[in-house]
Structures are given as structure tokens and as C-alpha cells.
Amino acid sequence: MTKPNGAKSPSSMGPKVLFYSILLTFQYGAQPLISKRCIGKEVIVTSSVLTCEIVKVVCALILMARDGSLKGLSKEWTLMGSLTASGLPAAIYALQNSLLQISYRNLDSLTFSILNQTKIFFTALFTFIILRQKQSVQQIGALCLLIMAAVLLSVGEGSNKASSLCQWASQVKKHSSYLMTVEMSIVGSLCLLASTLKSPDGEAIKRYGFFHGWTALTLVPVISNALGGILVGLVTSHAGGVRKGFVIVSALLVTALLQFAFEGKPPSSYCLVALPLVMSSISLYQKYPYLDKKKKKV
């Protein structure tokens, strides 16, 4: 069954998309807990981020080879086009990924997962500024709920421009999600390597070595995070943003359950209030997109 705009309804999604969605739900939900338990505090942040980017590139290239898009890449790809489409978002994501690793270590899993969804607000803001995409009344209300949840968590626990830039690159520059992954991972890695010349992480790598503090378990969250990035592209391309929204809501519940099961730590009262606010916000935002009345009449 299809909706009037041609998009498939969730009920019509095939078993493959359902499988991707379930995998992404558990990856989203478990990632904060896995990172916190498997990456020791002595591990250098830049080393884990760079390794994750390498895994992303390998996975994306394998998938591109599988769907046949890798063959025609040499004819279509240009350095200038790559830098134009992926340069700025790659630099922002490199910084964001480093900050995420620090957050994993210093916040409990559920608080991190809830706060991480406030990126929707900044994505909406910058998509309007960069792509001139408007928000519906329901979406504006959903963003207000999200802000309330963020304030609650900020009080209780004492920017995401890159997403809209990636959307601009994929829509305006017509870059595939796999190619964007490869370009952003390579450019982002170069930015991180450049930063090590003057950063504390760079000094730590020179002094202790790139893999200081690593164990076999450290690879688990690194690989999981890389595969999660690939799964996001697969779910979005096959099922659209609505299914991804349901995945995020489900992942918040998975995070809450895993935190209680493995850490024996029940959610704080602030989290219990913020969780339904964030879930409602994401659901409303994905369910009621802005509809251009002029285009609808035409």
C-alpha cells in the first residue's frame, strides 16, 4: 500500500527493511552502553574515532562494489565536487564524533541517548537556513517538547549543523549515501590527523602510541558505531524518515532497559519525565511534515 505522495506505508515494508530497522534499533539503543563498558578511559579518543572512520570506508566500499556503483565512480567522481559536497560536513562530523566519545564516558546511557536527540532541533533550524525547508505547526510543537526535555536533563544532570549539510549534499549535489560516507570519513579523518599536530590527543599518541589502552573489546563499539552509520543510510533510503523516527523512539526504550539490566541503575526522575517528551516529539515531528499548499493545489 502506498500513500498519496508515493511513499510506502510502514505496513508495506518488506522483511529486509524490517530486519535493517530492528538491527538499527538495537545498535542505537546499545551503543552508549557498549561504548561506556568497552572503551576504557585511557583509550585516546582520536584513535577510536579514526579507526571507526576506516571501518566505515571499508564497509561502504564493499556495499558500493556489491550494488555496482563503484565501477562508474572513476568517471563521475571529482576532487572539487567531493570537497564541495562533503568537506564542511566531514569536518563538523569529525569534531562531533570526538565529542560523542567523551559524552559516552561521562553520561549515563539513557541521558546521553535522550540528549542526543536534541540534534533534531538544530537540524530543523539549519535545514531551514540552508535548504529553506519550512516546518509544520505540529513539527514546531514537537521541537518545543524537545527543548523542554533538554532543559529538564540539563538541570537534572547538573549543534548539529552537519546533518542539514549532508541533506544538502545528497539532494543538491546528488551524492549517494555510500559515497557520502566514504568522502566524509576520509576528509574527516584528514581533519582529525591535522588536529593531532597541536592537540592533547596528538601528544598522547606520540608518547604512548596510537592504540594505547586498547583491548579486544574496544573493537566492539568501534565496529558497531561504523555499521550503525551504514544502517542509517539503508533504512532511510528503503523506508524513509518516518521509519527511522520509529527506530529512534524504540531505541530510547532499548537504552533504558539495557541500562537497568546491565548497570542496575534505574532512570532518574528527570529522565522519566524527559523520555516521553522526547518520544512524543520525535513521533510528531516525523508524522506531520510540512506540506506546501501551493504545490498541493497544483
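Residues numbered from 1 in each chain as written. Predicted model: local features only at pLDDT ≥ 70, side-chain atom pairs only at ≥ 80, totals over all residues. Heavy atoms only, no water.

For the rest of this paragraph, the subject is the pattern of salt bridges. The final tally for this structure, using the stated rule, is 1 salt bridge. For the salt bridge of lysine 56 with glutamate 53, the shortest nitrogen-to-oxygen distance reads 3.7 Å. With lysine 56 and glutamate 53 both in helix 2 (residues 45-67) and 3 residues apart, the pair spans about one turn of that helix. On the basis of relative accessibility, which here comes to 14%, the residue lysine 56 falls in the buried class. Among the residues examined, glutamate 53 registers a relative accessible area of 7% and is labelled buried. (Salt bridge = Lys/Arg side-chain N within 4 Å of Asp/Glu carboxyl O. Helix = DSSP H or I, 4+ residues; strand = E, 2+ residues; numbered from the N terminus. Buried < 20%, exposed > 50% of the residue type's maximum accessible area, 1.4 Å probe, protein only.)

On to empty space enclosed by the protein. If you add up the space inside the second largest cavity, you get close to 40 Å³. Around the second largest cavity sit Gln31, Ser35, Ile39, Ser48, Cys52, Gln101, Tyr104, Pro221, Val222 and Asn225, which together line it. Elements with a contribution of two residues or more to the lining of the second largest cavity: helix 1 (15-38), helix 2, helix 4 (79-106) and helix 11 (219-263). When residues of the lining of the second largest cavity are assigned to their parent elements, the largest contribution, 3 residues, is made by helix 11. Grouping the constituent residues of the lining of the second largest cavity by class yields 5 nonpolar, 5 polar and no charged. (1 Å grid on protein atoms, 1.4 Å probe; cavity = no way out; pocket = protein on both sides within 12 Å on 5 of 7 lines; lining within 4 Å. Points joined across faces, edges and corners; volume = space filled by probe spheres on them. Nonpolar A, V, L, I, M, F, W, Y, C, P; charged D, E, K, R; others polar.)

Glancing now at the packing of helix 5 (residues 109-116) against helix 12 (residues 269-287). Between helix 5 and helix 12, whose axes approach to 10 Å, the crossing angle comes to 35°. Seen along the crossing, helix 5 lies across helix 12 with a hand that is left-handed. Here Leu110, Thr111 and Ile114 of helix 5 lie close against helix 12, whose contacting residues are Cys271, Ala274, Leu275 and Val278. (Axes fitted to C-alpha atoms, helices over the stretch in contact; angles between N-to-C directions. Left-handed = near helix turned anticlockwise from the far one by under 90°. Contact = heavy atoms within 4.5 Å.)

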